[in-house]
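Given next are the chains, with one letter for each unit.
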Protein chains: 2
Amino acid sequence: MKLAVLQTAGPADPDPKAALDLLEARAAEAAGQGARLLVAPELFLTGYNIGERAWDLAEPADGPSAGRAAAIAAAHGLALLYGFPERTPEGIYNAALFVDSDGRRACYRKAHLFGAEEKRLFRPGDARPTLLEVGGLKVAPLICYDVEFPEAVRWAAEAGAQLVAVPTALMEPMAFVAETLVPARAYENGVFVAYANRAGREGDLTYVGRSSIAAPDGALLAAAGAEEEALLVAELDWAGHAATRAANPYHADRRRDLYP
Amino acid sequence: MKLAVLQTAGPADPDPKAALDLLEARAAEAAGQGARLLVAPELFLTGYNIGERAWDLAEPADGPSAGRAAAIAAAHGLALLYGFPERTPEGIYNAALFVDSDGRRACYRKAHLFGAEEKRLFRPGDARPTLLEVGGLKVAPLICYDVEFPEAVRWAAEAGAQLVAVPTALMEPMAFVAETLVPARAYENGVFVAYANRAGREGDLTYVGRSSIAAPDGALLAAAGAEEEALLVAELDWAGHAATRAANPYHADRRRDLYP
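Keep in mind that this is a model prediction, so the values were computed, not measured. (Residues numbered from 1 in each chain as written. Chains lettered and ligands numbered in written order. Predicted model: local features only at pLDDT ≥ 70, side-chain atom pairs only at ≥ 80, totals over all residues. Heavy atoms only, no water.)

## So, the interface of chain A and chain B
At step 1: Counting residues at the interface gives 43 residues for chain A and 43 residues for chain B.
At step 2: A buried area of about 3,300 Å², summed over both sides, lies between chain A and chain B, and 58% of it is on carbon and sulfur atoms.
At step 3: Taken together, chain A and chain B are joined by 10 salt bridges.
At step 4: Across the salt bridge formed by A:Arg154 and B:Glu151, the nearest N and O atoms sit 2.6 Å from each other.
At step 5: Here chain A and chain B share 18 residue pairs in polar contact (both at pLDDT 80 or more) between them. (Contact = heavy atoms within 4.5 Å. Buried area = accessible area lost by both parts, 1.4 Å probe. Salt bridge = Lys/Arg side-chain N within 4 Å of Asp/Glu carboxyl O. Polar contact = N/O pair within 3.5 Å; in protein donor to acceptor, adjacent residues only side chain to side chain.)

## Structural notes on the relation of the copies chain A and chain B
At step 1: For the match of chain A to chain B, the screw axis carries a shift of 0.0 Å, the RMSD comes to 0.0 Å, and the turn is 180 degrees. On this basis, the relationship between the two copies can be described by a two-fold rotation axis. The C-alpha atom lying nearest the rotation axis in chain A is that of A:Thr180; the distance is 2.9 Å.
At step 2: Counting the interface residues of chain A, we find that 100% of their copies in chain B are interface residues as well, pointing to one common contact surface. (Least-squares fit on C-alpha atoms with pLDDT ≥ 70 in both.)

## Quick word on the sheet that holds strand E12 (residues 212-214) of chain B
Two strands in a sheet stick together by hydrogen bonds in their backbones, pointing the same way (parallel) or opposite ways (antiparallel).
All names here are of chain B.
At step 1: In space, the 6 strands of this open sheet follow the order E6-E7-E8-E9-E12-E13, with mixed pairing throughout. Across the chains shown, the open sheet's two edge strands, defined by having one partner strand only, are strand E6 (132-134) and strand E13 (220-223). The mean inter-strand angle of the sheet, taken between neighbouring strand axes irrespective of direction, is 20 degrees.
At step 2: As paired strands, E12 and E13 are joined by 3 bridges and run antiparallel to one another. Its bridge partner lying in E13, Ser212 is registered against Ala223.
At step 3: Its contacts with the sheet put helix H6 (residues 175-189) on strand E9 (192-196), E12 and E13, and the angle it makes with E9 is roughly 155 degrees. (Pairing = 2+ DSSP bridges. Helix = DSSP H or I, 4+ residues; strand = E, 2+ residues; numbered from the N terminus. Axes fitted to C-alpha atoms, helices over the stretch in contact; angles between N-to-C directions.)

## Some details on the side chain of B:Arg198
All names here are of chain B.
At step 1: Inspection of the secondary structure puts Arg198 in strand E10 (residues 198-202).
At step 2: As a buried residue without a salt bridge, Arg198 has its nearest oppositely charged side chain in Glu202, at a separation of 4.4 Å.
At step 3: A distance of 2.7 Å separates a polar atom in the side chain of Arg198 from the backbone oxygen of Leu43. (Buried < 20%, exposed > 50% of the residue type's maximum accessible area, 1.4 Å probe, protein only. Lys, Arg positive; Asp, Glu negative; His and termini not counted.)

## Quick look at the packing of helix H5 (residues 150-158) of chain B against H6(B)
Residue and element names in this part refer to chain B.
At step 1: Their axes nearest at 10 Å, the elements H5 and H6 cross at an angle of 40 degrees. Judged by the angle between their axes, H5 and H6 are oblique. Two packed elements cross with a definite hand, and for H5 against H6 that hand is right-handed. Across the interface between the two elements, Pro150, Val153, Arg154 and Ala157 from H5 touch Arg185, Glu188 and Asn189 from H6.
At step 2: For the contact of H5 with H6, a count of residues per class yields 3 nonpolar, 1 polar and 3 charged. (Parallel < 35°, antiparallel > 145°, perpendicular 65-115°, else oblique. Left-handed = near helix turned anticlockwise from the far one by under 90°. Nonpolar A, V, L, I, M, F, W, Y, C, P; charged D, E, K, R; others polar.)

## A closer look at the packing of aromatic side chains
At step 1: Summed over the entire model, instances satisfying the criterion amount to 22 aromatic pairs over all chains.
At step 2: Seen from their ring centres, A:Tyr145 and A:Phe149 are 4.9 Å apart, and the 75 degrees between their planes marks the pair as edge-to-face. With respect to class, A:Tyr145 is no different from A:Phe149; both count as buried.
At step 3: These aromatic residues form a ring-pair network of at least three members: A:Phe114, A:Tyr145, A:Phe149, A:Phe176, B:Tyr187 and B:Tyr250.
At step 4: Over the ring of B:Tyr93 we find B:Arg109, and its NZ or CZ is 4.2 Å from the ring centre. (Phe/Tyr/Trp six-rings, centres within 6.5 Å; stacked < 30°, edge-to-face > 60°. Lys NZ or Arg CZ within 6 Å of the ring centre and 35° of its normal.)

## Observations regarding the layout of surface pockets
At step 1: For the largest pocket, the calculated volume is near 300 Å³.
At step 2: Lining of the largest pocket is provided by 16 residues; of these, A:Glu151, A:Arg254, A:Pro260, B:Glu151 and B:Pro260 occupy positions nearest its centre.
At step 3: Classifying every residue of the lining of the largest pocket gives 8 nonpolar, no polar and 8 charged. (1 Å grid on protein atoms, 1.4 Å probe; cavity = no way out; pocket = protein on both sides within 12 Å on 5 of 7 lines; lining within 4 Å. Points joined across faces, edges and corners; volume = space filled by probe spheres on them.)

## What about unusual backbone geometry?
At step 1: Following A:Glu172, the chain continues to A:Pro173 via a peptide bond in cis, the omega torsion being 5 degrees.
At step 2: Note on placement: A:Pro173 falls in the loop between strand E8 (163-167) and helix H6 (175-189).
At step 3: Phi is positive for A:Cys144, close to 45 degrees, though the residue is something other than glycine.
At step 4: By the secondary structure assignment, A:Cys144 is in the loop between strand E7 (137-141) and helix H5 (150-158).
At step 5: Take A:Cys144: its relative accessible area is 5%, and that puts it in the buried class.
At step 6: At B:Leu43, a position not held by glycine, the phi torsion is positive, near 45 degrees.
At step 7: Topologically, B:Leu43 is positioned in the loop between strand E2 (37-39) and helix H2 (53-57).

## A closer look at the nonpolar core
At step 1: With 148 residues, the main nonpolar core has A:Leu3, A:Leu37, A:Leu163, B:Leu3, B:Leu37 and B:Leu163 as its most contacted residues.
At step 2: Each residue touching A:Leu3, except ones within four places of it in the same chain, is listed here: A:Ala35, A:Leu37, A:Val39, A:Leu163, A:Ala194, A:Ile213, A:Leu232, A:Val233, A:Ala234 and A:Leu236.
At step 3: Core analysis: the second largest hydrophobic core is formed by 25 residues, B:Leu6, B:Leu23, B:Leu80 and B:Phe84 among them. (Core = buried A, V, L, I, M, F, W, Y, C linked by side-chain atoms within 4.5 Å.)

So far we have only geometry, and geometry alone does not tell us how the molecule works.
Set out below in structure tokens:
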């Protein structure tokens, strides 16, 4: 299964239409390279560091932007996963929408909100991710801070996920997360991890870029730099990593009796 | 609290007396630099790759080698943690003995046995580590493969450990563990991690060295090379990492409702 990860730089101002235009252009490019799934950053649709404007720009998971994303997926024959502020009757979530070319949709809500600002703006998600299937691989979406908790990725892997796909917005001074925790999660669970980050500045935040696609042996199949927009594409060869899983049988060797 | 980590190279043949001579020399050196705790590798006393000779060389946790280690600790005024094969009425464990200069002793038995050979030679430990106190810090011992399981280090940190001390015998091709998983465990739990490895060859194994002392922000306070014997010493300033714990409040932000 070929996977694409979009690292964005900017935008200067919240502009969902411009974001969808960019998504369409990159989806075409990714599909042209054979990708079956394109993962874009956290709050891709609106920008991340936009304060209460997230409340105004929030849309339902079946809103107009979702409709356009579904049309992009159908037109280019690949699935999309991107972050957006989700409007619901009970409040606004920091969410990620999955749409594929067959019209399937799923919405995941970030469970671990990061810092005072996210906790002020959003409600925390109250469900673990639903596993999706793309190109024969089972995919678990998580968002940014979620993946820093080993329990979340462990749960996903034990539920059968082969790829953990992470829209994110990781800023300075936390490059350690992209450089070390992301490959650690891949290795300690024997799964692929796709980490789609922002780069450059947005208001008072400087994102660290370093989007990546990590393999079950912890190796980076593709990695972006710190500052520029990038489209990463890599082949995820699950069967080809059978030896990795045999060499690192963490799931079989876990001591659930001592550490449930 | 100043901590020392001993990376050993060799030995060619199992020789507990030579190992204790080395321990005494390094304990004197570490104490001379102000260290309060010296951590030595897994099965330090006998060698790691010695097959069934571990059964013959195993000693009780209060056996003669433990007595000499206690005398070394008392003479040099520092605590020791080192690996040895522990003889018990029910069988042999891959264990680590803690002795301090006040005569306190504790024995931890490796819970996660690695590979067919360890599972053939040893019984698995059936208890989580008992927390020790050294120089004002709470210390949790784990052994090698144990630390690769995020659940074990999470448990120790939530039990109050500030330092996770790990006698290990990490071999090729698993340098990823030393380079990435060890600092990841420190960062994701906000604790110090001491990783005391072997280096060089022992029979058909080549150890990766790379012993280290990782800080709660994931930075390496000290690190050894791949091949040589080394004595690492670093100051563990728990109070000085208050800002790290505030910036990465993983324990407070954990979603125990979703990922118990």
